[in-house]
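# Tertiary structure, described
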Amino acid sequence: MKACVTAGAGFLLAVLWFDLMFDVQVLRRPERELPDEVLASIAGYYRRVTTAARPMNRLVAAVMLGTIVAIVLEITDGAQTTWVPWTSLGLALAPILLAGLHTVPCAVRLGARADPPERQSSLARAVLRDHLLCIASIAAVLAVQLSAG
C-alpha cells in the first residue's frame, strides 16, 4: 500500500506544481484588482483543466480518492507503525477536502470569467493560498511515507 500512497501523493504534488506555475502570477501584485492579462492567463488555465478537459479532469479526483483508500488500507493492515498511516491520513484528508469544497469551485468560477475583475482577483488569490497549503500538506504525506522505510 505504501507504493500506492506515495504514487498518489507524488501525482498530486505534480498537479499542484503545475497549478502553482499559473497561480504565482498574483504574487508581488499589491493592487486589489489584478491586471487583465494576469487574470486571463490564470482563468484560461483553470477553464482548460477544470471544465474543458472532461473526462480527464476526473483523474485528479480519482487519484485523491485512491490515495485516501490506500492510506485507510495501510491503517487496517497494521503492518506499519500506527503513526505513519494516521499522520498520512490527516495530512492528505485536509487538502483533499479543501480542494473539493473550496479550491475547485473557486477555480471553476474563475475559469468562467463571469465575475467582475475585482472578484476574479479575489478568487485567484484564494486559489493560490489553497494551493500553497495543499502542496505543503501533500509533500508532508510523501515525506512521512518515505521516512518510514
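Computed from a prediction, not measured in an experiment: that's the story for all the values here.

### Here we look at the pattern of salt bridges
Taken as a whole and assessed by the stated rule, the structure comprises four salt bridges. Between Glu118 and Arg32 there is a salt bridge whose closest N-O contact spans 3.0 Å. Here the residue Glu118 occupies a position in helix H5 (residues 117–147), and Arg32 occupies one in the loop between helix H1 (2–23) and helix H2 (36–52), the gap between them amounting to 86 residues. A salt bridge links Arg109 to Asp115, with the nearest nitrogen and oxygen atoms 2.7 Å apart.

### Thoughts on unusual backbone geometry
Outside of glycine, negative phi angles account for most residues, and trans bonds account for most peptide bonds. Between Arg54 and Pro55 the backbone carries a cis peptide bond, its omega angle lying at 5°. Position of Pro55 among the secondary structure elements: in the loop between H2 and helix H3 (58–77). Even without glycine at this site, Arg28 takes up a positive phi of about 60°. Within the fold, Arg28 resides in the loop between H1 and H2. For Arg28, a relative accessible area of 81% corresponds to the exposed category. A positive phi angle is found at Arg113, which is not glycine, with a value near 55°. Within the secondary structure, Arg113 is located in the loop between helix H4 (83–112) and H5. The class of Arg113 is partly exposed, set by a relative accessible area of 28%.

### Section: H1
The end-to-end C-alpha separation of H1 is 31 Å, in line with the 32 Å expected for 22 residues at 1.5 Å each. Against H2, H3 and H5 lie the buried residues of H1.

### Considerations on the packing of aromatic side chains
One pass over the structure, following the stated rule, counts two aromatic pairs. Ring geometry for Phe22 versus Tyr45: centroids 4.2 Å apart, planes at 10°, classification stacked. You can see Phe22 sitting in helix H1 and its partner Tyr45 sitting in helix H2, a full 23 residues away along the chain. Overall, Tyr45 belongs to the buried group, its relative accessible area being 10%. Where Tyr45 meets Tyr46, the ring centres are 4.9 Å apart and the plane angle is 70°; that geometry is what we call edge-to-face. Residue Tyr45 shares its accessibility class with Tyr46, and that shared class is buried. One aromatic cluster is present, formed by Phe22, Tyr45 and Tyr46 through successive ring pairs.

Calculation rules
- Residues numbered from 1 in each chain as written.
- Predicted model: local features only at pLDDT ≥ 70, side-chain atom pairs only at ≥ 80, totals over all residues.
- Heavy atoms only, no water.
- Salt bridge = Lys/Arg side-chain N within 4 Å of Asp/Glu carboxyl O.
- Helix = DSSP H or I, 4+ residues; strand = E, 2+ residues; numbered from the N terminus.
- Buried < 20%, exposed > 50% of the residue type's maximum accessible area, 1.4 Å probe, protein only.
- Expected span 1.5 Å × (residues − 1).
- Contact = heavy atoms within 4.5 Å.
- Phe/Tyr/Trp six-rings, centres within 6.5 Å; stacked < 30°, edge-to-face > 60°.

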